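Here are the chains, one letter per residue:
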Amino acid sequence: MCGIVGYLGDSNAKDIVLEGLHKLEYRGYDSAGISLYNLEAGVFDMFKDKGRVDHLASLLQDVHGSTVGIGHTRWATHGKVNRANAHPHLSSSKRFIVVHNGVIENYRMLKRDFLSHVRLESETDTEVIVHLIEMFAQTMEAPEAIHETLKLLEGSYALLVLDQQRPNRLIAAKNKSPLLIGRSDRGYIVASDLMALGKHSADYAPLEDYTMTVIERDKLAIYNRDYIEATLAFEPMDFDEDSAERGPYPHFMLKEIMEQPLVVRKILSHYFDEETLVINEAIVHDLRESDRIHILAAGTSMHAGLIGKHLFKILTGKPVEVHIASEFAYNPPALSDKPAFLMISQSGETADLRACMSHIREVNQPVVTLTNVRTSTLAREADHKMELLAGPEIAVASTKAYTAQLVVLTLLAYAVGKQRFNIKQELSTLAHAMETYLAKYERIDTLAKTVLTKPNAFYIGRGLDYAVALEAALKLKEISYIHAEGFAAGELKHGTIALIEENTPVFGIISDKRIALNTRSNLDEVKSRGARTVIIALESLSEEEDDIVLPDVHPLLVPVMTVLPTQLIAYYAALHRGCDIDKPRNLAKSVTVE
Ligand code: M6R
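Calculation notes
- Residues numbered from 1 in each chain as written.
- Predicted model: local features only at pLDDT ≥ 70, side-chain atom pairs only at ≥ 80, totals over all residues.
- Heavy atoms only, no water.
- 1 Å grid on protein atoms, 1.4 Å probe; cavity = no way out; pocket = protein on both sides within 12 Å on 5 of 7 lines; lining within 4 Å.
- Points joined across faces, edges and corners; volume = space filled by probe spheres on them.
- Nonpolar A, V, L, I, M, F, W, Y, C, P; charged D, E, K, R; others polar.
- Salt bridge = Lys/Arg side-chain N within 4 Å of Asp/Glu carboxyl O.
- Buried < 20%, exposed > 50% of the residue type's maximum accessible area, 1.4 Å probe, protein only.
- Helix = DSSP H or I, 4+ residues; strand = E, 2+ residues; numbered from the N terminus.
- Pairing = 2+ DSSP bridges.
- Axes fitted to C-alpha atoms, helices over the stretch in contact; angles between N-to-C directions.
- Near = heavy atom within 4 Å.
- Polar contact = N/O pair within 3.5 Å; in protein donor to acceptor, adjacent residues only side chain to side chain.
- Areas by Shrake-Rupley, 256 points an atom, 1.4 Å probe, with all protein chains shown as cover.
- Sits in = over half its atoms within 2 Å of the grid points.

Draft legend 1. Here's a closer look at empty space enclosed by the protein. Counted by the stated rule, this structure contains five cavities of 30 Å³ or more. Here the largest cavity is characterised by a volume of approximately 80 Å³. Cys 2, Arg 74, Trp 75, Ala 76, Thr 77, His 78, His 87, His 100, Gly 102, Thr 124, Asp 125 and Thr 126 together form the lining of the largest cavity. Classifying every residue of the lining of the largest cavity by side-chain character gives three nonpolar, seven polar and two charged. When its volume is computed, the second largest cavity comes out at roughly 60 Å³. Tallied by class, residues from the lining of the second largest cavity come to four nonpolar, four polar and no charged.

Draft legend 2. Summary view of the pattern of salt bridges. Within this structure, the stated rule accounts for 31 salt bridges. The salt bridge involving Asp 163 is made with Arg 169; its shortest N-O contact spans 3.5 Å. The pair formed by Asp 163 and Arg 169 is uniform in burial state, with each residue classed as buried. The closest approach of N and O atoms between Glu 259 and Lys 400, which form a salt bridge, is 2.7 Å. With a gap of 141 residues between them, Glu 259 in the loop between helix H7 (252–258) and helix H8 (260–271) and Lys 400 in helix H14 (residues 400–416) connect regions that are remote in the sequence. Glu 259 sits in the buried class, given a relative accessible area of 18%. Judged by relative accessible area, which is 1%, Lys 400 ranks as buried.

Draft legend 3. Region of interest: the sheet that holds strand S26 (residues 532–538). Spatial ordering of the open sheet is given by S24-S23-S25-S26-S27, a layout of five strands whose pairing is parallel. Looking at the sheet topology across the chains shown, the edges are occupied by strand S24 (483–488) and strand S27 (548–550). Averaged over all neighbouring strand pairs, the angle between strand axes comes to 15°, with direction disregarded. With three bridges connecting them, strand S23 (residues 456–461) and strand S25 (residues 505–510) associate as parallel partners.

Draft legend 4. A look at the sheet that holds strand S14 (residues 229–230). Across the sheet, which stays open at both edges, the seven strands sit in the order S5-S6-S7-S8-S12-S13-S14 with antiparallel pairing between neighbours. Every interior strand has two partners, whereas the edge strands, strand S5 (89–90) and S14, have only one. With six bridges joining them, strand S6 (residues 96–101) and strand S7 (residues 157–163) adopt antiparallel strand pairing. If you follow Val 98 over to S7, its bridge partner there is Val 161.

Draft legend 5. How the structure looks around the pairing of strand S13 (residues 219–223). Relative to S13, strand S12 (residues 211–216) runs antiparallel, the two being bridged by five bridges. Of the residues in S13, the one forming a bridge with Thr 213 is Ile 222. What sits between the antiparallel neighbours S12 and S13 is a turn of two residues. With two bridges joining them, S13 and S14 adopt antiparallel strand pairing. Note on S14: the bridge partner recorded for Ile 222 is Ala 230. Joining the antiparallel neighbours S13 and S14 is a turn of five residues, in which Tyr 227 adopts a positive phi near 65°.

Draft legend 6. Structural detail: the site of the ligand. Near the ligand lie 14 residues; those nearest to it are Ser 301, Ser 345, Ser 347, Thr 350 and Glu 478. One of the side-chain N or O atoms of Ser 347 is found 2.6 Å from an oxygen atom in the ligand. With respect to the ligand, the side chain of Glu 478 contributes an N or O atom lying 2.4 Å from an oxygen atom. When the ligand sits alone it has 410 Å² of accessible area, and the protein chains cover 91% of it. Using a 2 Å cut-off from the grid points, one finds that the ligand occupies the second largest pocket. Mapped by element, the contributors of at least two residues to the shell around the ligand are helix H10 (299–316) and helix H17 (464–480). Grouping the constituent residues of the shell around the ligand by class yields four nonpolar, eight polar and two charged.

Draft legend 7. Representation of the pairing of S12 in the model. Where burial is concerned, most of S12 is hidden: six out of the six residues are buried. The alternating pattern of S12 places Thr 211, Thr 213 and Ile 215 and Met 212, Val 214 and Glu 216 on opposite faces, both of which are buried. Note: strand S8 (residues 169–175) against S12, six bridges, orientation antiparallel. The residue of S12 that forms the bridge with Ile 171 is Val 214.

Draft legend 8. View of the layout of surface pockets. Volume-wise, the largest pocket comes out at about 760 Å³. For the largest pocket, the lining is made up of 39 residues, of which Phe 239, Asn 372, Val 373, Gly 391 and Pro 392 are closest to its centre. Contributions of two or more residues to the lining of the largest pocket are made by helix H6 (194–197), strand S11 (203–206) and H8. Ranked by residues supplied to the lining of the largest pocket, first place goes to H8 with three residues. Taken together, the residues of the lining of the largest pocket break down into 16 nonpolar, nine polar and 14 charged. In this structure, the second largest pocket encloses a volume near 510 Å³. Along the walls of the second largest pocket sit 26 residues, with Ala 298, Gly 299, Thr 300, Lys 589 and Val 591 positioned nearest its centre.

In C-alpha cells, the structure reads:
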C-alpha cells in the first residue's frame, strides 16, 4: 500500500527521501513522486509518474542538494494509475504540497460543499485535502489551516504538507494510518514504516491518532486533536538494517523461507528463561478466564489462526472461533459473556482488523495482538501484545511471519493450557528438522517445473493438513498466478472433482496417522481421473512412491514442517513463470484499506 517519507535537516533530502521510498517498495505501489526544495530557485519542485522508484530517480538526475523534501509511493484506490493521480498533489496556487496515505471517505461531500469553484487535477480523494488547506490559509496561519482541514476529514490519513511560503517547515498529521518520526543530530525524518527511518534516526516515536506535528530544524511541536500542545515519547532506534537486506539470495522470499529455522530459535530464546516459558501473566489470565476465544485475522494470518484453533482445542480444551476480519467487522457473531480476542497480524496495520477493533471495544473484553511490528497500530490499540520476532518480512508473500505465528500460538496455547511436555525441546527439534529439510531445497525446483504446467492446481489434506493446504494454495496463487485451491481432502468428491482433467496437479499433505489412508484414497480418486498427484508426507507415514518426505516432528508442530515444501513450490513455480516474486501484481504488503 502507499508509503510516505519526509525529511528536514542538514543532510541531502533527495538522497534520504529516495532511499526511504526504495525501502518502502516492498509494500506494493504503482506510482511514485517527490517534492524537494530547490535551494537555487527558492521553491519546491515536484516530480512524479507512474512506475517504479528507479524511474522516479531517473527524473531527478539533475536535481542537487536539498534540505527538505517529501516522497510517496501510491497504490491506487481512487482513480487510475497515471501521473495526475500520483502524489504529491498541489493546491491551485501551488503554495501547498501534500502526500497522503489512507482514504478520505467523505471526499465527495467535501468537494461539493467547499470546493465547487476549484478545478481538480486528479481523481484522487487526496486532492481535496490540499485545496481545503489553501482555502483555510486565506485567513489563518498554515498550521491552523491544516488543523481546520483535519477536522473535516472522515477516514484515514497520514499526511505530509509543505508550504512554499515556509520552506523550512514540514507538517505531518495522522489518523488511523501509521506515521512515525525519527530524529538525529542531522535532522528529522517522517515515514509510514520503520524500515524507512532506518539509519537516519537515533530515536523515534510513532505519532498518535489525531495529532499534528510541526517540524522545524530547531523545534518540534506536537498538537493534539484540540490544537493543544502535546508531547511525544521517543525510544531508541533498534532496527537492524542488515535483516532487511537480501544478502546472497535472488529474492527476499527465498531468503525469508530459509530464515525460518532461525526464527523458531529466536522465538525460543525470547520466550524462554532457561527452561521456563515466560508469557505475560495478564495474557494467560485473560485467556484462561474467558469462556471463548475469537481469533481474528486476514489472509495468511487467518490460515495461521485456523491452526491456532486446533492448538487451543488440544492444549486448553477451550472453544475457539476463527473469523475472517473483514467479515467479523460488519457481521460479528453473537458473543458469549466473557469472550477474549486474539488478533493475528504480521504488519499490525491491516484495516479490516482495525475495523474489528472498533466493534470489540464496545464489548469491553480483552484483546491480544500477535504481531511482527511492535510499534504497529494494532499492537498499540490492544490490551496486550505478543511479538512474532520474525524480523522484517519484505516479500509480499508471507512465509517466516506465518511460521512465527504458528510457533507463538503454540507457546501461548501451551501457557494457557495445563498439559505438560517438553515444549522447548520439541521446538529445538523442529528447528533442526526444518534446517535439515531446507538444506535440500533446490530439489523442489524440478518438481515445480514439471508438475505445475496447468492453469489450475489443488492442495488437499484433512485436519491440520487442510489448514496448511489453504495456505499452500494461497501462496501459489499470489506469486505464480496459477489458480489454486486448498480443499478438505474428503470434500473434493462432492463437486470440485469435476474440475480434474488430464495432468491437473493435486498436492496431498499427509501428516496425521489417523487419517493418512483416507487422504491417500482421495488422492487415488483424482489420480484415476487423470490428475498428476504429488504426495507430501511425514517420514513415518510415507510410502515408497511419495514425492516429498519430511522429518517427523511433534504432532502439534507438524504444520510448521509441512508448509515448507509448499512455500518452495510456490517460489519455483513463480520463478519459472517469470513472475515478480517479491512484489506480485495487485498485492500490497500491508493492506491498510478496507
Ligand atoms: O499483515 P497481516 O498479517 O494482517 O496481513 C494479512 C494479509 O493481508 C496477508 O497475510 C496476505 O494474505 C499475504 N499477502 C499473504 O502472503
